[in-house]
Amino acid sequence: MPFQPNEIDRDVEGASADTERNAKLFSEVAEAIYSKGYCIVEDALPAKLLKSLSSHAQQLSESQFNLAGVGRGVEHGKHNDIRQDSIAWINGETKAESQWLAWTEVLQDSLNQRLFLGLFSFESHFAHYKAGDFYKKHIDAFRGQSNRKLSLVTYLNEDWSQDNRGELIMFDEKGENEIERVFPKAGTLVVFLSEEVPHEVMPATRDRFSIAGWFRVNNSVGDGVDPPR
Ligand code: OGA
Ligand code: MN
């Protein structure tokens with residue numbers, strides 16, 4: 001009988017191919033962050049991870065998504081003239097979520113090794129934009145007021161066409177000129193310096209699922225100590 005690789009062999013092979021692919025991707029991300037402060041890569045997420053995250057996001061019921069707010073601490077409030085998406089924080093309780101956190105941890109370590117960023121922790125949430133929902137131009141962190149260093153966004157939408165709109169528009173540091181326009185296609189990964197890249201989410205013609213996350217450094221800011229969220 002010819003040799004049949006068993007399940008375990010296949011898994012090991014798959015895992016080492018993934019490791020190599022990730023290593024290549026993460027060095028590409030580091031290089032781009034270093035040279036221009038942001039990075040956009042299509043088909044970045046490993047196929048299996050993408051699949052489990054998108055089915056997980058779609059299975060989360062509306063009750064697990066909460067209307068997103070704007071700002072932190074006492075200033076935190078719902079501003080539906082600014083953003084209209086609903087979010088569900090990722091805490092690692094399901095397999096899909098823990099695989100995601102494992103993947104972003106390797107990304108974090110690899111960026112720290114290459115760029116000495118001192119990234120210390122990571123927080124992320126699923127976001128659901130219904131058709132027509134938007135998030136007006138904003139930055140994810142104000143200089144010196146936050147410990148968010150790097151923002152990350154990835155998309156979970158199969159068969160997205162440009163007619164579906166829902167682009168992420170990225171602007172120069174002053175927020176005056178558009179520098180990139182990214183369609184939220186499944187597997188696309190965007191990483192950028194949180195303090196330096198104003199960005200905006202355009203309304204889409206269909207449901208739009210993304211994950212937004214932030215790598216943080218461990219310093220206390222303002223009057224408070226390291227607010228967790
Ligand atoms: C955010 C954000 C972008 C996107 O949640 O802060 O900018 O494309 N998301 O979903
Ligand atoms: Mn943002």
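Note that the structure is a prediction, hence the values are computed from the model and not measured. Residue indices begin from 1 for each chain and proceed along its sequence in written order. Key to labels: chains lettered from A, ligands numbered from 1, both in the order written. For this predicted model, a pLDDT threshold of at least 70 governs which residues receive local features, and a threshold of 80 or more governs which side-chain atom pairs are given and counted, while totals over whole chains, interfaces and linings are taken from all residues. Side-chain measures were taken over the full set of non-hydrogen atoms in the model, leaving aside hydrogen atoms and water.

*Asks:* How should I be thinking about the sheet that holds strand β10 (residues 199-201) in this particular structure?
*Replies:* Two modes of strand pairing occur in sheets, parallel and antiparallel, and in both the strands are linked by backbone hydrogen bonds. Paired strands, in this sense, are two strands between which DSSP finds at least two bridges. Think of it this way: any DSSP run of H or I at least four residues long counts as a helix, any run of E at least two long counts as a strand, and we number them from the N terminus. Within the open sheet, the four strands sit side by side as β5-β10-β7-β8. Their pairing is antiparallel. The sheet is open, and its two edges are formed by β5 (135-138) and β8 (178-182), each paired on a single side. Each adjacent strand pair in this sheet contributes to an overall mean axis angle of 15 degrees, direction not counted. Where β5 lies against β10, two bridges are found, and the strand directions are antiparallel. Paired with tyrosine 135 across the strands is valine 201, a residue of β10. To obtain an axis, a line is fitted to C-alpha atoms, over the contacting stretch when the element is a helix, and the angle between two such axes runs from 0 to 180 degrees between their N-to-C directions.

*Asks:* So what exactly am I meant to see when it comes to the coordination of the manganese ion (ligand 2) here?
*Replies:* Ideal donor angles around a metal are set by the shape: a four-donor tetrahedron calls for 109.5 degrees, a six-donor octahedron for 90 or 180 degrees. Any N, O or S atom lying within 2.8 Å of the metal counts as a donor, with the limit raised to 3.2 Å for Na, K and Ca; because water is left out of the atom set, some sites can appear incomplete. With distances of 2.1 to 2.2 Å, the protein atoms coordinating the manganese ion (ligand 2) are His138 (NE2), Asp140 (OD) and His199 (NE2). Mapped onto the polypeptide sequence, the residues donating to the manganese ion (ligand 2) form the spacing pattern H-x1-D-x58-H. Linking histidine 138 in strand β5 with histidine 199 in strand β10, this pair joins segments that are 61 residues apart in sequence. Here the two residues histidine 138 and histidine 199 agree in accessibility, since each one is buried. Buried means the residue's accessible area, taken with a 1.4 Å probe over protein chains only, is under 20% of the maximum for its type, while exposed means over 50%, and partly exposed covers the values in between.

*Asks:* Honestly, the nonpolar core in this entry has me stumped. Any pointers?
*Replies:* For soluble globular proteins, nonpolar side chains are generally found buried alongside one another. We define a nonpolar core as any set of buried Ala, Val, Leu, Ile, Met, Phe, Trp, Tyr and Cys residues linked to one another through side-chain atoms lying within 4.5 Å. With 38 residues, the main nonpolar core has Leu53, Trp100 and Phe126 as its most contacted residues. For this core, the secondary-structure elements that each account for two or more residues are α1 (7-36), β1 (38-41), α2 (47-59), α3 (95-115), β4 (121-129), β6 (148-155), β9 (189-193) and β11 (208-216). When neighbours within four sequence positions are excluded, leucine 53 is seen to be in contact with Leu45, Ala96, Trp100, Phe126, Leu156 and Ile211. Listed in part, the 15 residues of the second largest apolar core include Ala68, Ile87, Leu168 and Met170. Working rule for contacts: check all heavy atoms of both residues, and any pair within 4.5 Å makes them a contact.

*Asks:* When you look at the site of ligand 1 in this model, what are you seeing that I'm missing?
*Replies:* Whether a residue is near a molecule or strand depends on its heavy atoms: it is near if one of them lies within 4 Å of it. In the vicinity of ligand 1 there are 14 residues, among which His138, Tyr155, His199, Arg208 and Ser210 approach most closely. N or O atoms within 3.5 Å of each other form a polar contact, as long as, within protein, one can give a hydrogen and the other can take it, and as long as residues adjacent in sequence are counted only when both atoms are side-chain atoms. A distance of 3.3 Å separates an oxygen atom of ligand 1 from a polar side-chain atom of aspartate 140. Take serine 210: an N or O atom from its side chain is 3.1 Å from an oxygen atom of ligand 1. We get accessible surface area from the Shrake-Rupley algorithm with a probe of 1.4 Å; when it comes to residues, only the shown protein chains can shield them. In isolation ligand 1 has 290 Å² of accessible area, and contact with the protein removes 98% of it. Of all the secondary structure elements, the ones that give two or more residues to the shell around ligand 1 are β5, β6, β10 and β11. Under the scheme applied, nonpolar residues are Ala, Val, Leu, Ile, Met, Phe, Trp, Tyr, Cys and Pro; charged residues are Asp, Glu, Lys and Arg; polar residues are all the others, including Gly. Within the shell around ligand 1, the residues separate by chemical class into eight nonpolar, three polar and three charged.

*Asks:* Just to check I follow, could you spell out the pairing of β6 for this structure?
*Replies:* For a regular strand, side chains alternate in direction, first toward one face of the sheet and then toward the other. Across the eight residues that make up β6, a large majority, seven, are buried. Sheet topology places β6 next to β11; seven bridges connect them, and they run antiparallel. Bridge assignment links arginine 148 to a residue of β11, and that residue is arginine 216. Bridge count between β6 and β9: five bridges; the pairing is antiparallel.

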